[in-house]
Each structure stands twice: as C-alpha cells, then as structure tokens.
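# Coordinate inspection notes
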Amino acid sequence: MSLDLPASMLVLERGWLSANNILFFDGDKATLVDSGYVTHAEQTVELVHNALAGRQLNRLLNTHSHSDHIGGNAALKEAFDCEIIVPAGLHAVIAEWDKDALLLSPLGQQSARFQHDRLISANDEVEMGGLNWQALAVPGHDMEALAYYNPEKRILISGDALWENGFGVIFPELLGEADGLTSTQETLEMLSRLPIDMVIPGHGRPFSTVDAAFDRAFRRLSNFRNNIEQLAWHAIKVIVSFAMIERQRLPQDDFPAFVFSLPFAMDVNARFLNLSREALVSGVERQLLLVNALRRENGFLVAA
Amino acid sequence: MITSPCINICKMDASSGLCQGCFRTIDEITVWSRLDDAGRQHILADVARRRGEQAPQENNLRSNGNAK
C-alpha cells in the first residue's frame, strides 16, 4: 500500500543509521527536513540532487540534533549552499559543537560540524511545499526536538517522537538530565489530540494507522514508567546495535572492548542495571543475536 | 506490506550505479516511498536478480583467493 502525499512532498525513506529525508517543492525552490548520518552523506546529496530535478535547495530544517538527523547537513550545505535552520533550543550546543550534549561522544557516533544560519522555535510556522507547517515542541527523546504539523492535510512530521512502532530512546531520563518519561507522556498526549491522517516518522515508512501507533507508544511508555530497568536495557541494546550498524562487522573477540568503549552503555548500566561487565556484554550479544540485529560469521559479529 | 531493502550501507557503487547495500539505483531509492506494492515488487525482483548476478562473481573471487 502506498500513501498519497501531496505532490509537493517527497519522502526519501532511509534506514536506521540515517533518518528519513523529507523534501518539499515550492516552484523552483525546495526545502529538506533532516539529512541522515554522516557516513551516508554522499548518497544523501545524490538522492536530493536527483529529486530536485533542477530546482534549488534553499533551506534545510532539522527536527533535532542527533547524528542520524544532522549528519548530512555539512555536505548538503557544501553541495547546495542551503540555509540551515535548527530548533532554537539547540543553538548553543550546535554553535559550540558540544559533542557531549550532541550525544556524539557518549554514543560513540560521528558527525560533520556545520554552522546553522537561523533558528526555529515551537509555535513558529514555516511554509514548505505550499503548505503551512506548525513547529511543535516534542520533548522526550530529545528535550529540544520539534515536530512539524500541517493541520490542513493533517500530516505530522514526527522525527523520533513517534514511530509506527514506538519512539526514540528517552535519553534525557537515562542521562539524569530531565524528566524524560513525563515529557514523553505529555508529548504523546499532545500529539494524540491532534487530528492526524498521516505520520512521516524519522525512521520507517510513512503510516496512516495513527491510532494503533499511539496505542503502542503509550503502552511502551507505560512499561518503561513501571520498570525503568526495561528502558535502560532497551537503550543499551539500541545504542550497541546502532554502533554495530555503523561498524558493519567486528571480530568476535573485540566485541567486549567495543561495548566498553561506549560511555552511554557503561553509564546506563552503572546507574540502572549494575550488571557485571561480562554479564552486560554477553547479555547484549545474546539479545542482539536473538532478534537478528547481529549474526555470527567466521569469527566475526556482523550487523544485520 | 513490502518493506524497504535498505540495510544501512547507503553508498553508491560508481561503476554499477547501484547502492552497495540494497542494489537499487538512485532513482529507485528516490521514488520508493511513492510506489505501490506492485512497483516495489518490481524493484525487489530487479534487486534479487542483480544480487544473483553479483554473487557468483564474489564466489569466484573468493575461491580464487583460497586457491592461492
């Protein structure tokens, strides 16, 4: 089943390492929302160039500042000289390129430094693809994240605040920086009150089964609220899995050191789970093999 | 539901014009989200064929390598 989006919009559906890129056409101009992971930037530029078909990319907008959403910013700026617009709450961390606050260092991820040209705040409106989009504050996964909502077509660009099956890891809660669980609850409640016919998530295909997605998201959040260890364990698996996707393959023997090199995984374990180092590594490996996120191949662990 | 064949490699091979991970062309990746199931099936069939064409070569290389 394909979903009919306005002809002035094109979703470049990517995978997990790169977030989706959403392109909007306005005559001979265009705007892109989110730019993928840095190691995919060359393909991102090629996809955007192809889809532009001679139009000019004059704006690039981000939902939030995680590596899988901003990794192509520098390359797109270089290729198209577009204006870069980021959520206002991220001004300082991007301007100073604070690798801790950007979660690059804690998660063992890379990015390419860029400068933003302008800020967008919650409740601002931005015209893209001939439609008026409202910036909505969606704290939880990232406290400064914005979603973009068009009331006329009832489309939500949710970033990682809502997926077809869940939402992005609630980092602020696990990092002890903010009440991420409560923020996520409030964000989901706010979003669920909007009339929405279609969601374009940060990862995965666009979907119109919106009620079912909210049901799953609220259920998952409720599980996390009742059992914070479950959130901690989920987050560690996601982060190791993401890092392995970037790495592609690793000698089996190097896997423990690889996990120990991810500060976030170690901190979250120390704070919430208190597993021994051996138990942490063997647990992560076993679970990622079980869900086919990893497979064994001639003495290597390979990301699937 | 037909899911995307993306496996997060997302790098184009200059000589074949195909993504090294999912064996799709830039055009095929670009239009994916706009296609109906039939269109996606069509691409997946092409992907399977291209994968098959590439795999024997890889096997040859591998066995040649082993022979040495």
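The text that follows walks through the structure, step by step, so that each part is easy to find.

Next up on the list: the overall build of chain A. Helix and strand counts for chain A stand at 12 helices and 14 strands. Here chain A has a C-alpha radius of gyration of 19 Å; the compact-globule value for 304 residues is 19 Å, and the two agree. Seen through its principal axes, chain A has C-alpha atoms that stretch 55 × 40 × 40 Å. The buried share among the 304 residues of chain A stands at 55%. Of the roughly 12200 Å² of accessible surface on chain A, 46% is carried by carbon and sulfur atoms.

Counting from both sides, the interface comprises 23 residues of chain A and, opposite them, 20 residues of chain B. If you look at where chain A meets chain B, you find 0 salt bridges. Counting the contacts that link chain A with chain B gives 9 residue pairs in polar contact (both at pLDDT 80 or more). Elements represented by at least two residues in the side of chain A that touches chain B include exactly β1 (9–12) and α1 (41–52) of chain A. In terms of residue count, α1(A) provides more of the side of chain A that touches chain B than any other element does, 5 residues in total. Among the residues making up the side of chain A that touches chain B, the classes are represented as 12 nonpolar, 7 polar and 4 charged.

Here we come to the packing of helix α9 (residues 228–247) of chain A against helix α12 (residues 277–290) of chain A. Residue and element names in this part refer to chain A. α12 packs onto α9 with a crossing angle of 75 degrees between their chain directions and a minimal axis gap of 10 Å. In terms of orientation, α9 lies roughly perpendicular with respect to α12. Contact residues: W233, I236, K237, V240 and S241 in α9; L280, G283, V284, Q287 and L288 in α12. Along the lines of polarity and charge, the residues of the contact of α9 with α12 split into 6 nonpolar, 3 polar and 1 charged.

Our focus in this paragraph is the sheet that holds strand β14 (residues 300–303) of chain A. Residues and elements named next belong to chain A. Across the sheet, which stays open at both edges, the 3 strands sit in the order β12-β14-β13 with antiparallel pairing between neighbours. The open sheet has two edge strands, β12 (249–251) and β13 (294–297), and neither has a second partner. The mean angle between the axes of side-by-side strands here comes to 25 degrees, regardless of whether they run parallel or antiparallel. This element, α9, spans β12, β13 and β14 of the sheet and lies at about 95 degrees to β12. Docked against the sheet, α12 engages β13 and β14, running at close to 95 degrees with respect to β13.

Criteria and thresholds
Each chain has its residues counted from 1, running along the sequence as written. As they are written, the chains are lettered A onward and the ligands numbered 1 onward, keeping that order. In view of the model being predicted, local features appear only for residues whose pLDDT reaches at least 70, and side-chain atom pairs are presented and counted only at 80 or more, with totals across whole chains, interfaces and linings using the full set of residues. Only hydrogens and water are set aside when side-chain values are computed; all heavy atoms of the structure are taken into account. Counting from the N terminus, the helices are the DSSP runs of H or I reaching at least four residues and the strands are the DSSP runs of E reaching at least two. For a compact globule the rule gives 2.2 Å times the number of residues to the power 0.38, and the radius of gyration it is set against comes from C-alpha atoms. Partly exposed describes any residue whose relative accessible area lies between the buried limit of under 20% and the exposed limit of over 50%, with all areas from a 1.4 Å probe on protein chains only and scaled to the type maximum. The Shrake-Rupley method, run with a 1.4 Å probe sphere, supplies the accessible areas, and residue values consider only the shown protein chains as cover. Whether two residues are in contact is decided by their heavy atoms: any pair within 4.5 Å suffices. Salt-bridge detection follows one rule: a side-chain nitrogen of Lys or Arg within 4 Å of a carboxyl oxygen of Asp or Glu. Two N or O atoms count as a polar contact when they lie within 3.5 Å, although within protein this holds only if one can serve as hydrogen donor and the other as acceptor, and sequence-adjacent residues are included solely when both atoms are side-chain atoms. Each residue receives one of three labels: charged for Asp, Glu, Lys and Arg, nonpolar for Ala, Val, Leu, Ile, Met, Phe, Trp, Tyr, Cys and Pro, and polar for the others, Gly being one of them. Inter-axis angles, ranging from 0 to 180 degrees, are taken between N-to-C directions of lines fitted to C-alpha atoms, where helices are fitted over the stretch in contact. Here is the rule for angles: anything less than 35 degrees is roughly parallel, anything more than 145 is roughly antiparallel, 65 through 115 is roughly perpendicular, and the remaining ranges are oblique. For two strands to be treated as a pair, DSSP must find no fewer than two bridges joining them.

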